[in-house]
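Residues per chain, in single letters:
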Amino acid sequence: MKISKAFLLLFVLAFSIVGWSQQVIPLYAGTAPSLLTVEDKEIFSRPDNGRPTVRNVTRPTLTVFLPERQNASHSAVIICPGGGYLNLSIEDGGYDVAKSLASSGVTAFVLKYRTWVDSAYSDYTSVPMQDLQQAMQIVYSNAGQWNLDTTRIGVLGFSAGGHLTAMAATTQNGRKPAFTLLIYPVISFTDTLTSRTSKTRSTLLGKHPSPQQKEAFSPELHVTAATPPAFLVQAEDDSTSLVGNSLAYYHALVAHKVSAQLLLYQKGGHGFAMHNKAQDEYWMPAAIRWMGLNGFYQPEDVKPTAASAPPFWNDIIAFKKQDASQPPPANSILFVGSSSFTRWMDVKNYFPGYPILNRGFGGSVLTDVIRYAYDIIIPYKPKQVVIYCGENDLGSFLTPEEVLRRVKTLVGIIRQNLPLTTISYVSIKPSPVRDKIQDQVKEANRQIKAYLKTQKNADFIDIYGAMLDANGKMREELYKEDRLHMKPEGYAIWQKIMLPYMR
């Protein structure tokens with residue numbers, strides 16, 4: 001149903017949210033579908049310790065945040081706050097996010113969808129989806145008024161709002177968003193991926209959902225080639241929405257060749273909104289870049305502020321400036337990873353005649369390489385990607401299994417976007433300063449090698465044993481004073497082993 005200008009003039013209210021003058025549009029002109037009561041019991045609470053929330057929502061609305069200067073793609077994002085379908089974290093998971101998007105030139109809408117209220121609905125199961133579909137209808141029908149491109153309207157969801165967003169992305173009956181941003185989302189309603197602390201499934205389906213309901217409300221089981229692209233963010237230590245939710249959805253997207261990016265944090269828990277305080281990182285800059293990569297955003301020159309810039313951002317900017325002044329070679333052999341590559345500044349001299357492009361940076365871990373894959377891997381379209389990363393992950397006390405999971409994520413991103421590119425992983429080296437974790441190093445190498453054997457056009461380049469003496473001890477003379485980084489003699493060993501793998 002097209003929403004007329006008369007409807008907007010009649011129902012649009014102006015109010016101020018922390019200095020922002022906005023429009024608030026009721027989703028329905030009359031009584032909302034499935035609603036049994038006209039009584040408004042909505043409650044907003046702002047606890048001394050905790051997140052501001054609104055509950056008992058029976059009158060859904062859409063709040064419009066118009067940018068002062070719209071980005072060239074005329075894109076928009078509808079935001080679905082989280083709260084387990086019981087309440088909505090409407091400020092840090094709604095209004096604050098909308099302001100951030102609007103400041104980047106993206107038109108944003110905060111959806112205050114209906115929450116569960118006892119005896120308020122004939123059947124609550126379909127209510128949140130009804131509200132999201134109605135919100136999309138309003139935005140699409142009035143795209144001309146807001147100067148929007150209807151092929152670039154996405155949905156962002158936190159937690160239960162992420163479940164709602166993923167359901168819309170995989171629906172067979174309703175309108176699908178053009179893209180989705182899923183932030184620590186609840187995806188699956190299967191028993192194995194439903195946390196005991198999560199109330200999302202029981203609120204929507206009741207305490208005893210049938211197997212058919214669990215399957216129907218698990219979006220990862222319904223991904224197809226027509227599912228919209230997705231950007232996902234989650235912390236590995238999330239106990240409310242298990243990290244397997246994002247992994248399952250991401251792998252389903254990759255399996256169906258749908259564009260996707262997964263940003264994993266080692267720590268952060270659940271409900272960190274835009275700022276993961278545990279790691280002091282903001283995910284919005286990466287999300288904006290992902291939108292740009294996939295054609296949903298055309299910035300003039302959007303850059304993170306110093307306060308919001310993720311780790312190694314300055315390194316990435318330096319690479320981009322270097323590329324602008326000295327275009328990298330076509331069909332390059334791209335070296336990417338941590339400081340063992342960063343410090344191999346004369347690597348081209350070790351492989352004369354090969355189009356080497358070195359993009360190692362700092363003391364990076366695998367999640368850093370994953371974060372910037374769309375900046376320093378995919379755009380180059382290299383014929384071969386050579387990876388050295390994982391040693392710092394183990395040095396941060398991750399398990400070999402966790403390192404393998406990160407390797408799989410990185411390989412998945414490369415393989416999805418560059419299906420013909422060779423992926424070569426250099427084994428984690430023995431470092432005297434990390435003598436105490438060598439058992440973990442060996443086990444991680446073993447697991448990564450076994451995994452890469454299952455992948456087409458992929459190599460495991462084993463340099464570990466060659467850096468030991470005849471007694472199996474680490475050769476201190478190969479390392480600098482820090483006992484971590486190598487001297488030229490160490491790189492000479494690498495060159496001899498790596499050369500047969502160069503394409």
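Shown above is the structure to which this text applies.
Treat the numbers as computed from the prediction; the structure is a model and nothing was measured.

What exactly am I supposed to notice about the environment of Pro285 here?
Along the chain, the position of Pro285 falls in helix 9 (residues 284-293). A relative accessible area of 13% means that Pro285 is categorised as buried. Counting along the chain gives 184 residues from Pro285 to Leu101, while the straight-line C-alpha distance between them is 10.0 Å.

What is the right way to look at empty space enclosed by the protein in this model?
Picture a little ball the size of a water molecule; that probe, rolled over the atoms, points out where space is still empty. Across all of its chains, the model carries two cavities of 30 Å³ or more by this definition. By volume, the largest cavity is sized at about 50 Å³. Around the largest cavity sit Ser338, Ser339, Ser340, Tyr388, Glu391, Asn392, Lys429, Arg434, Leu484 and His485, which together line it. Contributions of two or more residues to the lining of the largest cavity are made by helix 11 (339-342) and helix 15 (391-395). Taken together, the residues that form the lining of the largest cavity break down as two nonpolar, five polar and three charged. Taken as a whole, the second largest cavity spans an internal volume of roughly 40 Å³. Along the walls of the second largest cavity sit Gln261, Ala286, Arg289, Trp290, Arg371, Tyr374 and Asp375, which together make up its complete lining. Those elements that provide at least two residues to the lining of the second largest cavity are helix 9 and helix 14 (373-376).

Please clarify how the layout of surface pockets should be interpreted in this entry.
Approximately 330 Å³ is the volume attributed to the second largest pocket. Looking at the second largest pocket, it is lined by 19 residues, and the ones nearest its centre are Gly83, Gly84, Asn87, Ser159 and His270. Each residue belonging to the lining of the second largest pocket can be placed in one class, and the counts come to four nonpolar, 13 polar and two charged.

Can you walk me through unusual backbone geometry in this structure?
Keep in mind that most residues, glycine aside, have a negative phi and that most peptide bonds are trans. A positive phi is found at His74, a non-glycine position, where the angle reads about 55°. Here His74 shows up in the loop between strand 5 (61-65) and strand 6 (76-80). Given the relative accessible area of 27%, His74 is considered partly exposed. Even without a glycine there, the phi angle at Ala273 is positive, about 55°. The residue Ala273 is located in the loop between strand 12 (260-265) and strand 13 (275-276) in this model.

Can you help me understand the sheet that holds strand 16 (residues 356-360) in this one?
One key point about sheets: their strands pair by backbone hydrogen bonds, in either a parallel or an antiparallel sense. Pairing in this open sheet of five strands is parallel, and the strands run 16-15-17-18-19 from one edge to the other. Taken across any chain shown, the strands that pair with only one partner, and hence form the sheet edges, are strand 16 and strand 19 (458-461). With direction set aside, neighbouring strand axes in the sheet form an average angle of 20°. In the sheet, strand 18 (residues 422-426) pairs with strand 19 via four bridges, with the strands oriented parallel. Along strand 19, the bridge assignment pairs Ile423 with Ala458.

Could you clarify how one ought to interpret the packing of helix 8 (residues 244-255) against helix 16 (residues 400-417) in this entry?
At a closest axis distance of 10 Å, the pairing of helix 8 and helix 16 adopts a crossing angle of 30°. When the axes of helix 8 and helix 16 are compared, the pair comes out roughly parallel. Here the hand of the crossing between helix 8 and helix 16 comes out left-handed. On helix 16, the residues that touch Leu247, Tyr250 and Val254 of helix 8 are Arg405, Thr409, Gly412, Ile413 and Gln416. In the contact of helix 8 with helix 16, the residues fall into four nonpolar, three polar and one charged.

Any chance you could explain helix 5 (residues 160-169) here in plain terms?
Count 3.6 residues to each turn of an α-helix, and residues three or four apart come out pointing the same way. Burial analysis of helix 5 places 10 of its 10 residues in the buried class, which makes it a mostly covered element. Those residues of helix 5 that sit buried are Ala160, Gly161, Gly162, His163, Leu164, Thr165, Ala166, Met167, Ala168 and Ala169.

In this structure, what is going on with the side chain of Glu391? I would like to understand it.
With respect to the helices and strands, the residue Glu391 is situated in helix 15. With residues near it in sequence (within four places) discarded, Glu391 still touches Ile428, Lys429, Ser431, Arg434 and Leu484.

Teacher, can you tell me more about the side chain of Ser431 here?
Relative to the helices and strands, Ser431 resides in the loop between strand 18 and helix 17 (438-453). Reaching out from Ser431, the side chain makes a polar contact with the side chain of Glu391 at a distance of 2.5 Å. When residues no more than four places from it in sequence are discounted, the contact partners of Ser431 are Glu391, Gln438, Met474, Tyr479, Arg483 and Leu484.

Sorry if this is basic, but what is going on with the sheet that holds strand 7 (residues 87-88) here?
Here three strands make up an open sheet; going across it, the order is 3-4-7 and the pairing antiparallel. What marks the edges here is a single partner per strand, and that holds for strand 3 (43-45) and strand 7. As judged from the three bridges shared by strand 3 and strand 4 (residues 53-55), these two strands associate in the antiparallel manner. Directly across from Phe44, in strand 4, lies its bridge partner Val54.

Would you mind showing me how to read the packing of aromatic side chains here?
Within a pair of aromatic rings, the relevant descriptors are the distance that separates the centres and the angle that separates the planes. The tally for this structure, following the rule as stated, stands at 30 aromatic pairs. Between Phe335 and Trp344 the ring centres are 6.1 Å apart and the planes differ by 75°, which places this aromatic pair in the edge-to-face class. Consider the rings of Trp344 and Trp494, whose centres lie 6.0 Å apart with planes at 80°: the pair is edge-to-face. Of this pair, Trp344 sits in the loop between helix 11 and helix 12 (347-350) while Trp494 sits in helix 18 (residues 488-498), placing them 150 residues apart in sequence. There is no split in this pair, since Trp344 and Trp494 are both buried. Above the face of the Tyr140 ring, Arg175 is positioned so that its terminal group lies 4.0 Å from the ring centre.

Just to check I follow, could you spell out the pattern of salt bridges for this structure?
A pair can form between side chains of opposite charge whenever their charged atoms are brought close. With the rule as written, the count across this model stands at 22 salt bridges. As a salt-bridge pair, Asp191 and Lys214 come within 2.9 Å of each other at their nearest N and O atoms. Taken together, the residues span a long stretch of sequence, with Asp191 in the loop between strand 10 (180-183) and helix 6 (200-205) and Lys214 in helix 7 (residues 211-216) at a distance of 23 residues. Residue Lys429 pairs with Glu391 through a salt bridge whose shortest N-O separation is 2.8 Å. Placement of Lys429 in the loop between strand 18 and helix 17 and of Glu391 in helix 15 is noted, with a sequence separation of 38 residues between them. With a relative accessible area of 1%, Lys429 lands in the buried category. On the basis of relative accessible area, Glu391 is assigned to the buried category, the value being 4%. A cluster of three or more residues bridged by salt bridges with shared partners is formed by Glu236, Asp393, Arg405 and Arg406.

What counts and how
- Residues numbered from 1 in each chain as written.
- Predicted model: local features only at pLDDT ≥ 70, side-chain atom pairs only at ≥ 80, totals over all residues.
- Heavy atoms only, no water.
- Helix = DSSP H or I, 4+ residues; strand = E, 2+ residues; numbered from the N terminus.
- Buried < 20%, exposed > 50% of the residue type's maximum accessible area, 1.4 Å probe, protein only.
- 1 Å grid on protein atoms, 1.4 Å probe; cavity = no way out; pocket = protein on both sides within 12 Å on 5 of 7 lines; lining within 4 Å.
- Points joined across faces, edges and corners; volume = space filled by probe spheres on them.
- Nonpolar A, V, L, I, M, F, W, Y, C, P; charged D, E, K, R; others polar.
- Pairing = 2+ DSSP bridges.
- Axes fitted to C-alpha atoms, helices over the stretch in contact; angles between N-to-C directions.
- Parallel < 35°, antiparallel > 145°, perpendicular 65-115°, else oblique.
- Left-handed = near helix turned anticlockwise from the far one by under 90°.
- Contact = heavy atoms within 4.5 Å.
- Polar contact = N/O pair within 3.5 Å; in protein donor to acceptor, adjacent residues only side chain to side chain.
- Phe/Tyr/Trp six-rings, centres within 6.5 Å; stacked < 30°, edge-to-face > 60°.
- Lys NZ or Arg CZ within 6 Å of the ring centre and 35° of its normal.
- Salt bridge = Lys/Arg side-chain N within 4 Å of Asp/Glu carboxyl O.

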